[in-house]
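These are the residues of each chain, in order.
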Amino acid sequence: MRAVRLVQVGKPLAESDIPIPEIGSSDVLIRVAAAGICHSDAHYRSGISKIDRLPLTLGHEVAGRVEEVGSDVTHLSVGDRVCVHYLVHCGSCEFCVRGLEQFCRSGQMIGKHRDGGYAEFIKVPGANAFQLPDETPFEVGAIIMCSSATALHALYKARFKAGESIAIFGFGGLGFSALQLARAFDCGDVYVVEINPAKLASAASMGAIAIDARSADPVEQIKEATSGRGVDVALELIGSAKTMRQAVLCLAAFGRAALVGLTAESMSIHPYTEVINKEVEIIGVSDHLATELPTLIEFVRSGRLRFPSGMLHSVDLDAGQINRVLDGLETSTERIRTVILPRE
Ligand SMILES: [Zn+2]
Ligand SMILES: [Zn+2]
């Protein structure tokens, strides 16, 4: 089969002809119909994120049709439309038995620790393949399995409830999903903090209260808009110590700040006045869980989470085209998502 693989870190991905993977009794073989090209794939290619096994087929946002089913897999049949949960886990360690597989002792990420979806076929454990409703296009089924799934996990980690207000710091791919998911939970007011005028306008057009962080301190703006109260939940999706601190400071009493963005910077917090005195919580968010995915898939099926067609671009399973998309991701913060659509 054809596959587009990382052969050497720092070099363009290369096209290879490799055998179709052989499945075990608990696996399924999927004919890839769509594979999202993610910002983290650019980090694997450049070496910012380490890959220990090369060559490797990238691609952790995958949807397709079941081609072959292992004898122990009972919930899927040949021909089923599926999307793929990218964390392969053992199912039996102390974390897996509690349904917290993102910390599985022997967890592997598809497209990082094992071959991913930039190929005609992919082998995954049956437990990682989720039925994709007929109404949902494959390309949407692929891209929701990364940033949208993490946005949903962040809301769950923050114990976000109907009627609560929320501040979303950063309106890229995660924020775009987070706003729609918050509304699917019947949220109260949503504040979107951004410095990009186009993203502020887009957030406002989706019903959020746009907070322009260039014009004044976003914490002051949120406090003013809430008569000094603050918000119940804040999501930090940017990955900067400054916005993480703002996410904590804009909370109401008992508020929860969920930190999703990655940074190596340190954040300073005054424990008494900024945390203890208000009983606020600072919560780390990492990846997402298999148990959350059916809700996500249903939100997409029912149209509560949507991606306008102009937001989705497609390329062939072609190394040159894919490398150009990765080049673009290294320089742009656009929300346009590109999906590989392999032709049979
Ligand atoms: Zn991704
Ligand atoms: Zn495990």
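Heads up: the structure comes first, above all this text.
S.K.: Describe the overall build of the chain, naming the residues involved and giving the relevant values.
M.R.: Each helix and strand in the chain was counted, giving nine helices and 18 strands. Taking 20 Å as the expected radius of gyration for a compact globule of 344 residues, we find that the chain reaches 20 Å, a close match to that expectation. For the chain, the spread of C-alpha atoms along the three principal axes comes to 60 × 40 × 35 Å. Within the chain, counting contacts between residues at least 6 apart in sequence, those at least 24 apart form 72% of the total. Accessible surface, the chain as shown: approximately 14800 Å² in total, 51% of it carbon and sulfur.

S.K.: How would you summarise the pairing of strand β13 (residues 209-212) if you had to cite specific residues and measurements?
M.R.: In the sheet, strand β12 (residues 190-194) pairs with β13 via four bridges, with the strands oriented parallel. In the sheet register, V193 faces β13, and the bridge partner there is I211. Crossover connection from β12 via helix α4 (residues 197-205) to parallel β13: handedness right-handed.

S.K.: Lay out the pattern of salt bridges in plain terms, naming residues and giving numbers.
M.R.: In total, this model carries 17 salt bridges according to the counting rule given. The partner of R53 in a salt bridge is D115, with the nearest N and O atoms 3.1 Å apart. One end of the pair, R53, is in the loop between α1 (39-46) and β4 (56-57); the other, D115, is in the loop between β8 (108-109) and β9 (121-125), with 62 residues separating them in the sequence. For D115, a relative accessible area of 26% gives the class partly exposed. A single salt-bridge network, built from bridges that share partners, covers R5, R53 and D115.

S.K.: Go over the coordination of the zinc ion (ligand 2), please, and point to the residues and values.
M.R.: The protein atoms that coordinate the zinc ion (ligand 2) are C90 (SG), C93 (SG), C96 (SG) and C104 (SG), at distances of 2.3 to 2.4 Å. Bound by four donor atoms, the zinc ion (ligand 2) shows angles of 102 to 116° at the metal and therefore tetrahedral coordination geometry. Residue classification places C104 among the buried positions, given a relative accessible area of 9%.

S.K.: Before we move on, can you summarise the layout of surface pockets with the specific residues and values?
M.R.: Of the volumes computed, that of the second largest pocket is approximately 170 Å³. Lining the second largest pocket, in full, are M1, I18, P19, P21, T57, R114, D115, G116, A119, F121, I122 and K123. For the lining of the second largest pocket, the class distribution of residues is seven nonpolar, two polar and three charged.

About the criteria used
- Residues numbered from 1 in each chain as written.
- Chains lettered and ligands numbered in written order.
- Predicted model: local features only at pLDDT ≥ 70, side-chain atom pairs only at ≥ 80, totals over all residues.
- Heavy atoms only, no water.
- Helix = DSSP H or I, 4+ residues; strand = E, 2+ residues; numbered from the N terminus.
- Rg over C-alpha atoms; globule rule 2.2 N^0.38 Å.
- Contact = heavy atoms within 4.5 Å.
- Areas by Shrake-Rupley, 256 points an atom, 1.4 Å probe, with all protein chains shown as cover.
- Pairing = 2+ DSSP bridges.
- Right-handed = clockwise from strand over helix to strand, strands pointing away.
- Salt bridge = Lys/Arg side-chain N within 4 Å of Asp/Glu carboxyl O.
- Buried < 20%, exposed > 50% of the residue type's maximum accessible area, 1.4 Å probe, protein only.
- Donors = N, O, S within 2.8 Å, 3.2 Å for Na, K, Ca; no water.
- Tetrahedral: all angles 85-135°; square planar, octahedral: opposite > 155°, others 65-115°.
- 1 Å grid on protein atoms, 1.4 Å probe; cavity = no way out; pocket = protein on both sides within 12 Å on 5 of 7 lines; lining within 4 Å.
- Points joined across faces, edges and corners; volume = space filled by probe spheres on them.
- Nonpolar A, V, L, I, M, F, W, Y, C, P; charged D, E, K, R; others polar.

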